[in-house]
Amino acid sequence: MRRPLRTLLASAAAAVALGAGVLTMASPASAASLQEVTNFGTNPSNLRMHLYVPDRLATNPALLVANHYCTGTGPAFYSGTRFAALADQYGFIVVYPSATRSGQCFDVSSSAALTHNGGSDPVGIVSMVRYVQQRYGTDPNRTFATGASSGGMMTNVLLGAYPDVFRAGSSFMGVPFACFATTDGSGWNSACAQGQINRTPQAWGDLVRNAYPGYTGPRPRMQLFHGVTDDTLRYPNFNEAIEQWTNVHGISQTPVLTDTPQPNWTRTRYGSTSVQAPVEGISVAGVGHSLPLNGMAEMAVAFLGLNGTTPSTPPSNPPSNPPSNPPSNPPSNPPSNPPSNPPAEPGACRVTYTVNPWSTGLTASISITNTGTAAINGWTLGFTLPAGQAITSGWNATYSPTSGAVTARNASYNANLAAGASVGIGFQATHTGSTASPTSFTLNGSTCTTA
């Protein structure tokens, strides 16, 4: 039985908001702020545009379009994810589009949306991109897209219909390009949502190629995240999307690398073993339509290549309605086992620890800053959890043991911490009443200050 998109995705949006909101961090601690931009160009579906420009931009900065879930908004996606905080760290700009139709879902179904320059939401989003490229001089070869649920579907649409604009994308809980296509104007495709559409890789690839006939340029790289028990946009869509994008790139559907970056996560790479492979898939066992977006944001930023830039100076030519750290600059494929963990200079580290508690659980977001003068190649953060707290999952680091005196060890992609650079990690935990923070932290054995 067909149900309206607004009705069926409303509860799913709540789950997505929980997945992001349980891990919600405060807006980035800087003078920069989210600003709305109007009159940005052709906008057939009356989207709204919000823009985040960090105080310090990289030279020829990159641009990320971050697309929200159904019932969401650009400002909600800004507040509920870490992309703006990572923009502060690496010096890129973030555009947050907002859908304004009933249900606040993006159009990923109409023939207009699925055709290059055909109209609807993608045209408005591309207008936002052009506006930022012209106003801030962003690198057109470093324009990327990401999003969750409806925004994950829009990420597939943008990369499929506008390969001349977007160089890579990271889709959370989405579906393949054109899987949601409809002809009755409903915007909802039950067969796709239920994972019942099974095409050959060639057929999926043809849908992308036919969206922009005559295009012969490079195709965007794609990263796909999906929960195995997703009952809103079911898990078979994950495998169909892998088939689609590997076919688009002309590479095998057999992964060249399979690993487990976190417990219950399975990562596969296609066409290359590097962090920036042509196609990468991450599936999460035991998780539905509520992926921990904050825990995955740095993986997305690394895949997109946004973590290799150096912020320099504030923008010299802000717009009339302007929006308003340093990066760790890790190599594209750092060693999984760094050769050593040199001790930090005494007192040459700073830790910010933010707790978001609820009745029986909490999440902790941790920012580690190397305040010393030398780079650190491989790090461990030591701290003691208050009695009754036990880690159940984490991101951007491995944690052992799960209670008491804990050691958090770097992931393969964030082992290098340059002088002045910061890295964000975190975890989810249960508690028996105390949600207090650890009283002290050590980085490679040296005591850190706390902020």
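For the structure, see preceding data.
Residues numbered from 1 in each chain as written. Predicted model: local features only at pLDDT ≥ 70, side-chain atom pairs only at ≥ 80, totals over all residues. Heavy atoms only, no water.

Trainee: If you had to explain the environment of Ala408 to someone new, which residues and values would you point to?
Mentor: Here Ala408 lies in strand S17 (residues 405-410). Along the primary structure Ala408 and Gly394 are separated by 14 residues, whereas in three dimensions their C-alpha atoms are 9.5 Å apart. Once you skip the residues sitting within four places of it in the chain, Ala408 turns out to touch Trp379, Thr380, Leu381, Phe383, Ala397, Thr398, Tyr399 and Ile425. (Helix = DSSP H or I, 4+ residues; strand = E, 2+ residues; numbered from the N terminus. Contact = heavy atoms within 4.5 Å.)

Trainee: An account of the packing of aromatic side chains is needed here, citing residue identities and associated values.
Mentor: According to the stated counting rule, one finds 13 aromatic pairs in the structure shown. Ring geometry for Tyr399 against Phe427: centres 5.6 Å apart, planes inclined by 70°, an arrangement best described as edge-to-face. In this pair, Tyr399 sits in strand S16 (residues 397-400) while Phe427 sits in strand S19 (residues 422-430), placing the two residues 28 residues apart along the sequence. Each member of the pair, Tyr399 as well as Phe427, is classed as buried. Members of the aromatic cluster, each reached through a chain of ring pairs, are Tyr353, Phe383, Tyr399, Phe427 and Phe441. Sitting over the ring of Trp204, Arg199 keeps its end group 4.8 Å from the ring centre. Over the ring of Phe303 we find Arg221; its NZ or CZ atom is 4.6 Å from the centre of that ring. (Phe/Tyr/Trp six-rings, centres within 6.5 Å; stacked < 30°, edge-to-face > 60°. Buried < 20%, exposed > 50% of the residue type's maximum accessible area, 1.4 Å probe, protein only. Lys NZ or Arg CZ within 6 Å of the ring centre and 35° of its normal.)

Trainee: Tell me what's going on with the pattern of salt bridges, and back it up with residues and numbers.
Mentor: Under the counting rule described, the total for this entry stands at six salt bridges. Measuring nitrogen to oxygen at the nearest pair gives 2.7 Å for the salt bridge that ties Asp121 to Arg101. With Asp121 in helix H4 (residues 120-136) and Arg101 in the loop between strand S4 (93-98) and H4, this residue pair connects regions lying 20 residues apart in the sequence. The exposure class assigned to Asp121 is buried, which follows from its relative accessible area of 0%. Classification of Arg101 by relative accessible area gives partly exposed; the value is 33%. For the salt bridge of Arg267 with Asp259, the shortest nitrogen-to-oxygen distance reads 2.7 Å. The exposure class assigned to Arg267 is buried, which follows from its relative accessible area of 5%. The exposure class of Asp259 is partly exposed, given its relative accessible area of 24%. (Salt bridge = Lys/Arg side-chain N within 4 Å of Asp/Glu carboxyl O.)

Trainee: Describe the side chain of Gln244, listing the residues and the values that go with them.
Mentor: Relative to the helices and strands, Gln244 resides in helix H8 (residues 236-249). For Gln244, a relative accessible area of 0% translates into the label buried. Aside from chain neighbours lying at most four places away, what touches Gln244 is Asn156, Pro176, Phe177, Trp204, Gly205, Leu207 and Val208.

Trainee: Explain the packing of helix H7 (residues 201-211) against H8 residue by residue, including any values.
Mentor: Running from amino to carboxyl end, H7 crosses H8 at an angle of 65°, the nearest separation of the two axes being 8 Å. Compared by their axis directions, H7 and H8 come out roughly perpendicular. Helix-helix and strand crossings are classified by hand; for H7 and H8 the assignment is right-handed. Contacts from Pro201, Gln202, Trp204, Gly205, Leu207, Val208 and Arg209 of H7 reach H8 at Glu240, Glu243, Gln244, Trp245, Asn247 and Val248. In terms of residue class, the contact of H7 with H8 is built from six nonpolar, four polar and three charged. (Axes fitted to C-alpha atoms, helices over the stretch in contact; angles between N-to-C directions. Parallel < 35°, antiparallel > 145°, perpendicular 65-115°, else oblique. Left-handed = near helix turned anticlockwise from the far one by under 90°. Nonpolar A, V, L, I, M, F, W, Y, C, P; charged D, E, K, R; others polar.)

Trainee: So, the state of the cysteines: which residues are in play, and what are the values?
Mentor: Counting across every chain of the model gives three disulfides. In this model Cys70 forms its disulfide with Cys105; the gap between the sulfur atoms is 1.9 Å. Across the S-S bond of Cys70 and Cys105 the torsion is about 130°, and the bridge reads as right-handed. On the criterion of sequence distance, the pair formed by Cys70 in the loop between strand S3 (63-67) and helix H2 (74-80) and Cys105 in the loop between S4 and H4 is long-range, its members being 35 residues apart. Its relative accessible area of 2% is what places Cys70 among the buried residues. A relative accessible area of 2% places Cys105 in the buried class. Between Cys349 and Cys448 runs a disulfide, and the two sulfur atoms are separated by 2.1 Å. (Disulfide = S-S within 2.5 Å.)

Trainee: Which residues make up the sheet that holds strand S2 (residues 48-52), and what values do they have?
Mentor: Taken together, the 10 strands give an open sheet; going across it, the order is S1-S2-S4-S3-S5-S6-S7-S10-S9-S8, and neighbouring strands pair in mixed fashion. Single-partner strands in this sheet number two, and they are strand S1 (35-37) and strand S8 (257-259). Pairwise comparison of adjacent strand axes, ignoring direction, gives a mean angle of 20° for this sheet. With five bridges joining them, S2 and S4 adopt antiparallel strand pairing. Residue His50 lies in a different strand from S4, and its bridge partner there is Tyr96. Docked against the sheet, helix H3 (residues 83-90) engages S2, S3, S4, strand S5 (143-148) and strand S6 (168-172), running at close to 160° with respect to S4. (Pairing = 2+ DSSP bridges.)

Trainee: Describe the environment of Gly74, with residues and values.
Mentor: As for its placement among the helices and strands, Gly74 is situated in helix H2. Accessibility expressed as a relative area gives 0% for Gly74, which makes it buried. C-alpha of Gly74 to C-alpha of Tyr96: the two residues are 22 residues apart in sequence and 4.5 Å apart in space.

Trainee: Any details on the side chain of Ser127? Residues and values, ideally.
Mentor: With respect to the element layout, Ser127 can be found in helix H4. Among all residues touching Ser127, those that are not within four sequence positions of it are Phe40, Gly41 and Thr42.

From the geometry alone we can't say anything about function, so treat these as descriptive.
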